[in-house]
Amino acid sequence: SGQRGQKEFVGRPSEPVSWQEAAGWSRQRGGQAVGNPQQVAPQLKQGRSGQDPAASEMTGLQPFTHLLQTQYPRGSDWLNFGHVPIGYIRTGSIFLAQTQDRLISLKRINSRLNVIGIPSEIISPKKVAELHPLLNVHDLVGAMHVPEDAVVSSADVALALASAASQNGVQIYDRTSVLHVMVKKGQVTGVETDKGQIECQYFVNCAGQWAYELGLSNEEPVSIPLHACEHFYLLTRPLETPLQSNTPTVVDADGRIYIRNWQGGILSGGFEKNPKPIFTEGKNQLEIQNLQEDWDHFEPLLSSLLRRMPELETLEIMKLVNCPETFTPDMRCIMGESPAVQGYYVLVGMNSAGLSFGGGAGRYLAEWMVHGYPSESIWELDLKRFGALQSSRTFLRHRVMEVMPLLYDLKVPRWDFQTGRQLRTSPLYDRLDAQGARWMEKHGFERPKYFVPPDKGKKARSHVYSFVALRTNKTHF
Ligand SMILES: Cc1cc2nc3c(=O)[nH]c(=O)nc-3n(C[C@H](O)[C@H](O)[C@H](O)COP(=O)(O)OP(=O)(O)OC[C@H]3O[C@@H](n4cnc5c(N)ncnc54)[C@H](O)[C@@H]3O)c2cc1C
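Treat the numbers as computed from the prediction; the structure is a model and nothing was measured.

Chemist: Before we go on, may I ask you to explain the packing of aromatic side chains in this structure?
Modeler: For any two aromatic rings, the description comes down to two numbers: the centre-to-centre distance and the angle of the planes. Scanning the model with the defined rule gives eight aromatic pairs in all. Measuring from ring centre to ring centre gives 4.8 Å for Trp-415 and Phe-417, while their planes differ by 65 degrees; the resulting arrangement is edge-to-face. A relative accessible area of 8% places Phe-417 in the buried class. When the centroid spacing of 4.2 Å and the interplanar angle of 25 degrees are considered together, the rings of Tyr-429 and Trp-439 count as stacked. With Tyr-429 in helix H12 (residues 429–434) and Trp-439 in strand S21 (residues 437–442), this residue pair connects regions lying 10 residues apart in the sequence. Taken individually, Tyr-429 and Trp-439 each receive the classification buried, so the pair is uniform in this respect. Every member of this aromatic cluster is reached through a ring pair, and the members are Tyr-258, Phe-271 and Tyr-408. In this structure, Arg-399 is placed above the aromatic ring of Phe-417, and the distance from its NZ or CZ to the ring centre is 4.1 Å. Directly above the ring of Phe-445 sits Arg-424, whose terminal nitrogen or CZ lies 4.8 Å from the centroid.

Chemist: What am I meant to see in the confidence of the model for the chain here?
Modeler: As a general rule, the predicted coordinates of low-pLDDT regions are not to be interpreted in detail. Here the chain averages 80 in pLDDT, while 76% of its residues score no lower than 70. Of the regions scoring below 50 in pLDDT, residues 472–477 engages in 12 contacts with residues more than four places distant in sequence or in other chains.

Chemist: Help me out: how do you make sense of the environment of Pro-248 in this one?
Modeler: Considering the arrangement of structural elements, one finds Pro-248 in the loop between strand S13 (232–236) and strand S14 (249–252). The contact partners of Pro-248, leaving out residues within four places of it in the chain, are Thr-91, Gly-92, Ser-93, Ile-94, Leu-131, His-132 and Ile-259.

Chemist: Please clarify how the sheet that holds strand S10 (residues 196–199) should be interpreted in this entry.
Modeler: The strands making up a sheet are joined through hydrogen bonds of the backbone, oriented either antiparallel or parallel. A sheet is described by the order of its strands in space; here three strands give the open sequence S8-S9-S10, paired in antiparallel fashion. Here the strands that pair on one side only, and so sit at the sheet edges, are strand S8 (178–184) and S10. On average, each strand axis in the sheet is inclined to that of its neighbour by 25 degrees, with strand direction left out of account. Bridge count for strand S9 (residues 187–193) against S10 is four bridges, and the pairing is antiparallel. Residue pairing across strands places Thr-193 opposite Gly-196, the latter belonging to S10.

Chemist: Teacher, can you tell me more about helix H4 (residues 100–115) here?
Modeler: Because each turn of an α-helix spans 3.6 residues, side chains separated by three or four positions in sequence point in the same direction. The terminal C-alpha atoms of H4 lie 23 Å apart, and with 16 residues this matches the ideal 22 Å at 1.5 Å per residue to within 8%. Taken together, the buried positions of H4 are Asp-101, Arg-102, Leu-103, Ile-104, Ser-105, Leu-106, Ile-109, Asn-110 and Leu-113. Backbone geometry just downstream of H4 places Gly-117 in the positive-phi region, at approximately 85 degrees.

Chemist: How do you make sense of the side chain of Glu-446 when you look at a structure like this?
Modeler: Secondary-structure assignment places Glu-446 in strand S22 (residues 445–451). Looking at Glu-446, the relative accessible area reads 8%, which means it is buried. A polar atom in the side chain of Glu-446 sits 2.6 Å from the side chain of Arg-421.

Chemist: Before we go on, may I ask you to explain the side chain of Arg-393 in this structure?
Modeler: Note that Arg-393 resides in helix H11 (residues 393–406). The buried category is assigned to Arg-393, whose relative accessible area is 18%. Among the polar contacts made by the side chain of Arg-393, one reaches the side chain of His-227 at a distance of 3.0 Å.

Chemist: How do you make sense of the nonpolar core when you look at a structure like this?
Modeler: Taken as a class, soluble globular proteins show a tendency for nonpolar side chains to be buried jointly. By size, the foremost hydrophobic cluster in this structure holds 31 residues, and its most contacted members are Met-144, Tyr-233, Leu-235, Tyr-258, Phe-271, Phe-327 and Tyr-408. Counting only elements with at least two residues in this core, the list comes to strand S4 (93–97), H4, strand S6 (142–146), S13, strand S15 (257–262), strand S17 (316–322) and H11. When neighbours within four sequence positions are excluded, Phe-327 is seen to be in contact with Leu-226, His-227, Cys-229, Phe-271, Asn-351, Ser-352, Val-400, Val-403, Met-404 and Leu-407. Ile-123, Leu-140, Ala-143 and Leu-243 belong to the second-largest nonpolar core, a separate cluster that totals 28 residues.

Chemist: Is there a simple way to think about the pairing of S9 in this case?
Modeler: Two faces belong to every sheet, and in a regular strand the side chains alternate between them. As paired strands, S8 and S9 are joined by six bridges and run antiparallel to one another. Counterpart to Lys-184 in the pairing with S9 is Gln-187. Counted between consecutive antiparallel strands, the loop separating S8 from S9 contains two residues, among which Lys-185 sits at a positive phi close to 50 degrees. Following S9, the chain reverses through two residues before pairing antiparallel with S10.

Chemist: What am I meant to see in the sheet that holds strand S20 (residues 344–348) here?
Modeler: The strand order S11-S20-S19 describes an open sheet built from three strands, whose pairing is mixed. Two strands lie at the open edges of the sheet, namely strand S11 (203–205) and strand S19 (334–337), each paired on one side alone. Strand after strand, the sheet turns through a mean of 20 degrees between neighbouring axes, direction not considered. Pairing analysis gives four bridges linking S19 to S20, with the strands arranged antiparallel. Counterpart to Met-335 in the pairing with S20 is Leu-347. Contacting S11, S19 and S20, helix H10 (residues 354–371) runs over the sheet at an angle of about 170 degrees to S20.

Rules and cut-offs
Along each chain, residue indices are assigned from 1 in the same order as the chain's sequence is written. At least 70 in pLDDT is required for a residue's local features to be given in this predicted model, at least 80 for side-chain atom pairs to be given and counted, and no such filter applies to totals for whole chains, interfaces and linings, which use all residues. Hydrogens and water are ignored here; the side-chain numbers use all heavy atoms of the structure. When the centres of two rings from Phe, Tyr and Trp lie within 6.5 Å, Trp using its six-membered ring, the rings pair. Their planes under 30 degrees apart give stacked, over 60 give edge-to-face, and anything left gives tilted. Burial status follows relative accessibility: with a 1.4 Å probe on protein chains alone, a residue under 20% of its type maximum counts as buried, one over 50% as exposed, and anything between as partly exposed. We count a stretch as a helix when DSSP gives it H or I for four or more residues in a row; a strand needs E for two or more, and each element gets its number in order from the N terminus. Either the NZ atom of lysine or the CZ atom of arginine qualifies as a charge over a ring when it sits within 6 Å of the ring centre and within 35 degrees of the ring normal. Every residue carries a pLDDT, the predictor's confidence in it, which falls somewhere between 0 and 100. In what follows, residue pairs with any heavy atoms lying within 4.5 Å of each other are defined as contacts. Only strands joined by at least two bridges in the DSSP assignment are considered to pair. Only the stretch in contact is used when fitting a helix axis, every axis being a line fitted to C-alpha atoms; angles between N-to-C directions are given from 0 to 180 degrees. Helix span, expected: 1.5 Å multiplied by one less than the number of residues in the helix. Identification of polar contacts relies on pairs of N or O atoms within 3.5 Å, with a donor-acceptor requirement for protein atoms, meaning one able to donate a hydrogen and the other able to accept it, and with residues adjacent in sequence counted only if both atoms are side-chain atoms. Take the buried residues of types Ala, Val, Leu, Ile, Met, Phe, Trp, Tyr and Cys, join any two whose side-chain atoms come within 4.5 Å, and each joined set is a nonpolar core.

Listed below in structure tokens is the structure:
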């Protein structure tokens with residue numbers, strides 16, 4: 001992972017900005033850029049980090065748990081990994097619940113984590129206030145605490161992995177671009193780089209958001225459906241009494257934000273309801289990595305942050321970073337061998353959990369390549385679940401706009417994707433629809449999921465998106 005490859009600001013940091021200015025600017029000045037956008041490497045959460053338990057719960061997929069579980073027992077190994085310090089700090093994390101629905105969801109995640117041996121507990125708002133000095137807890141109904149959660153520096157992890165690999169005989173070609181993969185009779189034979197050719201039998205496309213284009217650059221194209229959205233996070237100057245480095249990371253999914261300590265101040269980003277897919281056509285990697293700030297767009301998350309931490313009003317904002325992140329059509333990562341080209345493997349589309357799941361995903365892909373199959377059933381992550389249908393840019397842009405908010409949405413019964421629908425319908429579609437069919441999508445095909453008799457009226461047509469309503473039997477069914 002080299003996406004956020006620098007540890008410090010490069011060049012001149014932006015002028016400090018106050019919260020009032022930021023909010024005011026976003027309203028009055030149409031969200032013009034403040035300062036110059038530059039890359040930083042936030043210390044990303046690792047292991048059982050902020051986003052991953054939520055992600056695994058929302059998808060309800062066993063494979064995600066496998067990916068986490070594989071990485072978990074290795075957490076302490078990271079401390080001495082390859083003798084390169086990786087900024088491992090055990091902070092713990094707190095997942096807040098503003099509603100009963102969210103609390104039920106957290107209780108489910110909590111029991112799942114405990115089953116796979118990750119300690120966590122449901123705590124009261126009072127306990128939340130004890131764990132984090134700056135949090136406003138008045139609107140909370142509870143929270144989940146994962147005490148052994150940790151943060152690491154993503155750039156240092158990449159360096160540690162590279163250094164360990166090179167100690168074990170791996171040759172690394174820095175600043176070298178793969179132009180395309182050479183294929184003969186449906187089998188990988190080598191890669192063409194900007195510095196020459198390398199012969200090989202196996203190739204792994206792990207080019208992050210560039211994997212889509214790289215897959216299509218072969219004579220025998222490999223479809224890898226993923227697309228990046230702009231992802232914003234804010235950095236502040238240190239607090240007057242700087243936050244302790246082990247202050248817990250906070251995920252306020254109802255407020256759509258995450259918050260963590262960053263050099264004594266705050267790093268806070270989120271997954272907004274209306275994400276912006278990025279348009280990469282005609283742009284080089286540097287342009288894509290240095291996207292513009294957008295204060296207007298960030299305003300709802302900023303308000304959410306100020307509600308959760310009112311004391312921040314007086315703190316200087318240092319920068320709003322816009323850093324793209326990649327999503328897949330079903331919010332699951334993509335791995336395995338291409339059905340079109342033998343020896344062409346992929347490991348991409350981490351849906352904002354690349355550090356959490358990287359260790360597990362890497363291990364399973366290695367097994368896949370060596371033995372022909374992974375040691376756990378992770379077929380739901382197999383590249384073969386997609387076809388050319390899901391590789392259209394238009395489909396992907398619409399779908400990732402739905403997927404990114406899902407990271408913090410409650411995934412409740414009877415839920416289905418709304419975008420990219422009706423791509424394939426049977427001749428019976430209209431007749432079944434008239435008879436009250438409710439539809440689900442499978443590989444582009446619309447399938448009736450269940451029927452609501454037409455005489456049940458309009459009420460029955462609205463889905464009930466609530467665990468509490470279901471439990472108390474207040475559904476329309
Ligand atoms: C702000 C932010 C916060 C995040 N927080 C978390 C978190 O708390 N926990 C978590 O688990 N995840 C988090 N993530 C997500 C995580 O950072 C990503 O999922 C992860 O970096 C993806 O890793 P990757 O290796 O798939 O892709 P990348 O990191 O994008 O790496 C792809 C690499 O391929 C290289 N490349 C591309 N094309 C070519 C080519 N043709 N030839 C050679 N090289 C090429 C690129 O230069 C790049 O170095 C966060 C992401 C963001 C943006």
